[in-house]
Amino acid sequence: MSNTQAGMSGESREDSNERAIAANGTSIANESESETTDLSRNETFEILSNRRRRYAIHYLEQTEGRVPLSDLAEQVAAWENETTIPAITSDERKTAYTSLQQFHLPKMEEKGVVHYDDRAGMIELTDSAAALDVYLEIVGRHEVPWSQYYLGLSLIGVTVVTLSAIGVYPFGLVPYLGWTVFLLASFIVSALVHHLHSRGMRLGEHERPPEVRRSA
């Protein structure tokens, strides 16, 4: 299983807050620089609870050094509107820029995720955030979470092996050892598929965030 998993859907309360900030132009002061600290589990989930922050982390994971806020805002706007940077509108760009500048980046700096120079408009991941492997588990309505899949496979395995051991037809036609080898092979294949799937759901692993690739 991955180091940290976060599966989120729907609109959060912070999405409403950021729209209000973009509308009235209220500025949030960033008066002190945060020291880089190890992120707690609660702080990590709090940061990842917002889609725009997840997109920002994904973009920063793919870059080296400091990134201009304008570039970050353009890419985040393109991803959240499921389009390309040349195709985003000025309103979409402004909304992403304003919410990142006034709300999300100060919060991420407060939690020790980024270094944000609001005067120069430059951002970079902290060492703590860069060392954090973040995986998302996005489960569709008709999909089964991996935890439930392994639980179901285990229950089926125990049932089949037990029936084979006591000679119940037709399970008794296959030797007990045969069923055991088959089930072990099933777990190995499942674990391999799970590993490859998890790698694809890691923030910063591919060009686009996992959520964008899933909806494409």
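Before reading on, note that the structure itself is shown above.
All figures in this text were calculated on a predicted structure; none of them were measured in a lab. Along each chain, residue indices are assigned from 1 in the same order as the chain's sequence is written. Side-chain atom pairs in this predicted model are given and counted only at pLDDT of 80 or more, local residue features only at pLDDT of at least 70, and totals for whole chains, interfaces and linings cover all residues. The basis for every side-chain value is the complete set of non-hydrogen atoms in the structure, without hydrogens or water.

The way to describe two aromatic rings as a pair is by their centre distance and the angle between their planes. Note on aromatic contacts: the rings of Phe and Tyr and the six-membered ring of Trp form a pair at centre separations within 6.5 Å, being stacked when their planes are under 30 degrees apart, edge-to-face when over 60 apart, and tilted otherwise. Scanning the model with the defined rule gives six aromatic pairs in all. Between Tyr 149 and Tyr 150, the aromatic rings sit 5.5 Å apart at their centres with planes inclined by 70°, giving edge-to-face as the arrangement. Classification of Tyr 149 as partly exposed rests on a relative accessible area of 34%. Through a chain of ring-to-ring contacts, three or more aromatic side chains come together here, namely Tyr 55, Tyr 59 and Trp 79. When accessible area is computed with a 1.4 Å probe and restricted to protein chains, residues below 20% of their type maximum are described as buried, those above 50% as exposed, and intermediate ones as partly exposed.

To continue, consider the nonpolar core. Generally speaking, a soluble globular protein has its nonpolar side chains buried in company with each other. Of all hydrophobic cores here, the largest spans 28 residues; its most connected members are Leu 72, Leu 100, Leu 105, Met 108, Val 113, Val 114 and Ile 123. Secondary structure elements follow DSSP: runs of H or I no shorter than four residues count as helices, runs of E no shorter than two count as strands, and numbering proceeds from the N terminus. Elements represented by at least two residues in this core include exactly α2 (41-48), α3 (51-62), α4 (69-80), α5 (90-110), β3 (114-117) and β4 (122-125). Sorting elements by how many residues they give to this core places α4 first, with seven residues. Setting aside its immediate chain neighbours within four residues, Ile 123 contacts Leu 60, Gly 65, Arg 66, Val 67, Pro 68, Leu 69, Leu 72, Leu 105, Val 114, His 115 and Tyr 116. As used here, the term nonpolar core means buried Ala, Val, Leu, Ile, Met, Phe, Trp, Tyr and Cys residues forming a set that is joined through side-chain atoms within 4.5 Å. Any two residues whose heavy atoms approach within 4.5 Å at even a single point are treated as in contact.

We now examine the packing of α3 against α4. Taken N-terminus to C-terminus, the directions of α3 and α4 make an angle of 125°; their axes are 10 Å apart at the nearest point. One way to sum up the angle between α3 and α4 is to call them oblique. Along this stretch, α3 crosses α4, giving a crossing that reads as right-handed. Within the contact between the two elements, α3 uses Arg 51, Arg 52, Tyr 55, Ala 56, His 58, Tyr 59 and Gln 62 and α4 uses Asp 71, Leu 72, Gln 75, Val 76, Trp 79 and Glu 80. Interaxial angles span 0 to 180 degrees and are taken between N-to-C directions of axes, which are lines fitted to C-alpha atoms, for helices over the stretch in contact. Under this scheme an angle from 65 to 115 degrees is roughly perpendicular, one under 35 degrees roughly parallel, and one over 145 degrees roughly antiparallel; angles in between are oblique. Each helix crossing is assigned a hand: it is left-handed if the near helix lies turned anticlockwise from the far helix by less than a right angle, otherwise right-handed if that turn is clockwise.

Across the sheet, which stays open at both edges, the three strands sit in the order β2-β4-β3 with antiparallel pairing between neighbours. The open sheet has two edge strands, β2 (67-68) and β3, and neither has a second partner. Following DSSP output, two strands are said to pair if at least two bridges run between them. Judged from the four bridges that link them, β3 and β4 form a sheet pairing that is antiparallel. Bridge pairing links Asp 117 to Met 122 in β4.

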